[in-house]
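# Coordinate analysis (summary)
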Amino acid sequence: MDNPIIQYKKSQRKKINADNVINDPLVKMTIQSEKADDSDTLRTMTVDASCFDEFFIMAIGDVHIGGPGSNIEKYIRTLQAVRPLNNKCLVLLGDIVDNATLEGVSNPHESTLNPQQENKVAIKLHTDEEIRSTIVAMIGGNHDGAGNRNRDTMSSPNKFIATALNLYEVSTDYVGRVIIKLRTNLVKEGFVNFEILARHGSGRAPGGYGGALDSSSQIESVYGTPDMELTGHFHANETGEFVKEATLPNGSRVYKNVFVRSVNSFQEYAPYAATNAMAPSNTDPTIFRIKVAPNFVCELDPSLKPYVLPYRFEVEEFCIDSPEFKELVEKQKLTPKITVQEADALIKVNEDLDKIFKPHNFKNNDNERGR
């Protein structure tokens with residue numbers, strides 16, 4: 001039985017009306033903040049690449065800094081290899097750090113760094129302005145995005161790294177959207193949007209292409225059909241291309257090609273994967289080149305014209321160690337770059353020329369002619 005002091009304190013407690021809790025200002029504010037970041041408002045980053053005829057996307061996932069088998073040297077070499085490209089963006093697909101806990105499938109006793117050290121290394125790897133400025137999305141993974149690992153290690157790596165590098169963390173339920181505006185004369189606007197749904201994946205889903213497809217169908221059912229789906233988590237390079245029916249913003253239905261990519265890892269050995277008979281990681285880093293091309297499908301079947309766009313996207317994948325990719329980089333190195341000052345001066349010259357050669361509109365004013 002409670003002593004008299006405890007009984008008195010209980011009697012003085014404010015009675016809470018549970019029936020009216022929904023109208024509480026604090027509860028309302030919490031509900032609104034949750035709705036602001038739900039699936040209907042998926043975070044999106046838009047890249048204006050409309051001055052380029054082709055664009056490169058470097059999708060990086062599963063570096064697992066600090067984890068066993070993580071090849072940081074290869075990761076640094078990859079970042080340095082793509083650094084000279086002017087027309088590129090980097091998408092980080094989660095599990096950049098290992099953030100191992102006793103509750104997870106990875107074992108902290110096998111790690112080479114503790115979670116705080118892993119965060120510092122991740123920040124250091126991306127401080128180069130040529131690299132940092134081209135990162136357009138940071139997707140949280142099951143190791144570094146949210147959940148029990150962050151609770152157990154008392155850290156939130158993805159948010160910590162994004163804040164330190166002054167990056168916009170694009171991650172809602174392990175998913176983010178990237179829209180790239182690409183130049184083309186096939187539409188009157190002069191550019192088209194290449195939409196990417198980037199996802200890490202979560203849990204111990206089946207590896208390989210089947211897992212990537214499962215992940216793909218899940219995010220499509222919620223966020224619509226993009227032009228490309230990038231998936232991490234599976235540590236395997238699996239690719240596919242499908243013709244799917246999609247709804248445009250104006251409500252019309254069209255057929256378009258959808259490219260599905262499960263990207264490589266930088267973790268060459270994961271003990272838990274080996275013990276669970278999972279496929280070994282593919283650690284050959286690759287980069288995607290995107291181009292806009294005419295769509296000639298209607299010439300084969302005119303009846304498809306209302307349902308087919310006048311353009312299509314071409315996606316080509318290069319290993320960064322291949323001669324073809326090295327040749328692309330060398331060509332860009334030889335292309336002279338225009339500085340910001342030179343670009344401003346060029347705009348000023350063009351404006352002056354417009355003023356000189358622009359035809360004058362003479363008014364036919366009788367009053368002035370009579371003076």
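Residues numbered from 1 in each chain as written. Predicted model: local features only at pLDDT ≥ 70, side-chain atom pairs only at ≥ 80, totals over all residues. Heavy atoms only, no water.

## Notes on the overall build of the protein
Quick reminder of the rule: By the criteria applied, helices consist of DSSP H or I runs no shorter than four residues and strands consist of E runs no shorter than two, each listed in order from the N terminus. Remark: exposure states derive from per-residue accessible area (1.4 Å probe, protein chains only) relative to the maximum for the residue type, with buried under 20%, exposed over 50%, and partly exposed in between. Whether two residues are in contact is decided by their heavy atoms, any of which lying within 4.5 Å being enough. Only the protein chains shown count as cover for residues, with accessible areas throughout obtained via the Shrake-Rupley method and a probe of 1.4 Å.
Within the protein, the secondary structure is distributed over 13 helices and eleven strands. Residues classed as buried in the protein amount to 43% of the 371 residues present. For the protein, the share of sequence-separated contacts (at least 6 apart) that also reach a separation of at least 24 residues comes to 72%. Put simply, the protein shows about 21400 Å² of open surface, and 54% of that area lies on carbon and sulfur atoms.

## Some words on the packing of helix α4 (residues 115–125) against helix α7 (residues 157–164)
Under the convention used in this document: Here an angle of 0 to 180 degrees is reported between the N-to-C directions of two axes, which are lines fitted to C-alpha atoms, with helices fitted over the stretch in contact. Whether a crossing is left-handed or right-handed is set by the direction in which the near helix is turned from the far one by less than a right angle, anticlockwise for left-handed and clockwise for right-handed.
It is at 10 Å that the axes of α4 and α7 come closest, and there the two elements cross at 40°. Seen from above, α4 lies across α7 with right-handed handedness. The segment α4 lies against α7, with Asn119, Ala122 and Ile123 engaging Pro157, Phe160, Ile161 and Ala164.

## Concerning the layout of surface pockets
Which entries qualify depends on this criterion: In this analysis, the protein atoms alone were mapped onto a 1 Å grid. Cavities are point sets where a 1.4 Å probe fits without being able to get out; pockets are open sets with protein on both sides within 12 Å along at least five of seven lines; lining residues have an atom within 4 Å of a point. Grid points are joined across faces, edges and corners, and a volume is the space filled by probe spheres set on the points.
If you add up the space inside the largest pocket, you get close to 780 Å³. In this structure, the largest pocket is lined by 29 residues; those nearest its centre are Asp227, Leu248, Lys256, Leu309 and Tyr311. Those elements that place two or more of their residues in the lining of the largest pocket are β6 (191–199), β8 (238–247), β9 (253–262) and β11 (311–319). Among the elements that make up the lining of the largest pocket, the one with the highest residue count is β9 (five residues).

## Digging into empty space enclosed by the protein
So the rule is basically this: Each residue is assigned to one of three groups, with Ala, Val, Leu, Ile, Met, Phe, Trp, Tyr, Cys and Pro labelled nonpolar, Asp, Glu, Lys and Arg labelled charged, and all others, Gly among them, labelled polar.
Throughout the structure, instances matching the rule amount to two cavities of 30 Å³ or more. Computed from the structure, the largest cavity encloses a volume of approximately 60 Å³. If you trace the largest cavity, you find it lined by Met58, Ala59, Val263, Asn264, Phe266, Pro285, Thr286 and Phe288. Sorting the residues of the lining of the largest cavity by element identifies β2 (54–60) and β10 (286–294) as the ones contributing at least two each. Classifying every residue of the lining of the largest cavity by side-chain character gives six nonpolar, two polar and no charged.

## Quick notes on the environment of Val297
Its location among the elements puts Val297 in helix α10 (residues 297–300). In contact with Val297, other than residues within four places in its own chain, are Leu304 and Val308.

## Describing the sheet that holds strand β4 (residues 135–138)
For clarity, the cut-off: For two strands to be treated as a pair, DSSP must find at least two bridges joining them.
If you walk across this open sheet you meet the five strands as β4-β3-β2-β10-β11, and the pairing is mixed. Strand pairing shows two members of the sheet lacking a second neighbour, β4 and β11, which therefore form its edges. Between one strand axis and the next, the sheet turns through 25° on average, direction left out of account. Here β10 runs beside β11; their pairing, made up of nine bridges, is antiparallel. Across the sheet, residue Arg289 finds its bridge partner in β11, namely Glu316. Here helix α3 (residues 72–82) sits on the sheet and contacts β2, β3 (88–92) and β10; the angle it forms with β2, its principal contact strand, is near 170°.

## Re the pattern of salt bridges
Basically, it comes down to this: Whenever a carboxyl oxygen of Asp or Glu lies within 4 Å of a side-chain nitrogen of Lys or Arg, that contact is scored as a salt bridge.
Tallied over the full model, the rule gives 14 salt bridges. Note that Glu268 is salt-bridged to Lys74, the shortest N-O span being 3.5 Å. Of this pair, Glu268 sits in the loop between β9 and α9 (271–275) while Lys74 is found in helix α3, placing the two residues 194 residues apart along the sequence. In this structure, Arg261 and Glu317 form a salt bridge, with 3.9 Å as the shortest nitrogen-oxygen distance. A residue pair is termed long-range when its members are at least 10 positions apart, and Arg261 in strand β9 and Glu317 in strand β11 qualify at 56 residues. Taking the relative accessible area as the measure of exposure, Arg261 reaches 7% and is therefore buried.

## Some words on the sheet that holds β9
With mixed pairing, the six strands of this open sheet are ordered in space as β1-β5-β6-β7-β9-β8. With partners counted over all chains shown, the strands left at the sheet margins are β1 (44–49) and β8, one partner each. Direction aside, the axes of adjacent strands within the sheet are offset by 20° on average. Here β8 runs beside β9; their pairing, made up of ten bridges, is antiparallel. Paired with Glu238 across the bridge in β9 is Ser262.

## Here we look at α4
Under the convention used in this document: By definition, the arc is the one covered by directions from the helix axis to the C-beta atoms. Any pair of nitrogen or oxygen atoms within 3.5 Å is treated as a polar contact; in protein, a donor-acceptor pairing is required on top of that, and neighbouring residues in sequence qualify only through side-chain atoms on both sides.
When we look at burial in α4, the residues that qualify are Pro115, Glu118, Asn119, Ala122, Ile123 and Leu125. For α4, the arc enclosing every buried residue in end-on projection is 160°, short of the 170-degree limit, so these residues lie on one face. What points out from α4, more than 90 degrees from its buried face, is the exposed set Lys120 and Lys124. With a side-chain oxygen positioned 3.1 Å from the backbone nitrogen of Gln116, the residue opening α4 is Asn114.

## Description of the confidence of the model for the protein
The cut-off we apply is this: The predictor's confidence in any single residue is recorded as pLDDT, a number from 0 to 100.
Per-residue pLDDT for the protein averages 77, and the proportion of residues at 70 or more is 69%. This model gives residues 356–371 a pLDDT under 50, and the stretch forms one contact once residues within four places in sequence are excluded.

## A closer look at α3
Residues of α3 that are buried: Ile72, Lys74, Tyr75, Thr78, Leu79 and Val82. Angular distribution of buried residues about the axis of α3 spans 160°; they occupy a single face of the element. The residue sitting at the N-terminus of α3 and contributing the capping side-chain oxygen is Asn71; that oxygen lies 3.4 Å from the backbone nitrogen of Glu73.

## Considering the environment of Arg77
The residue Arg77 is located in helix α3 in this model. A residue is classified by how much of its surface remains accessible, and Arg77, at 38% relative accessible area, is partly exposed. Along the primary structure Arg77 and Ile320 are separated by 243 residues, whereas in three dimensions their C-alpha atoms are 9.5 Å apart. Dropping the residues within four chain positions of it, Arg77 is found in contact with Ile320 and Asp321.

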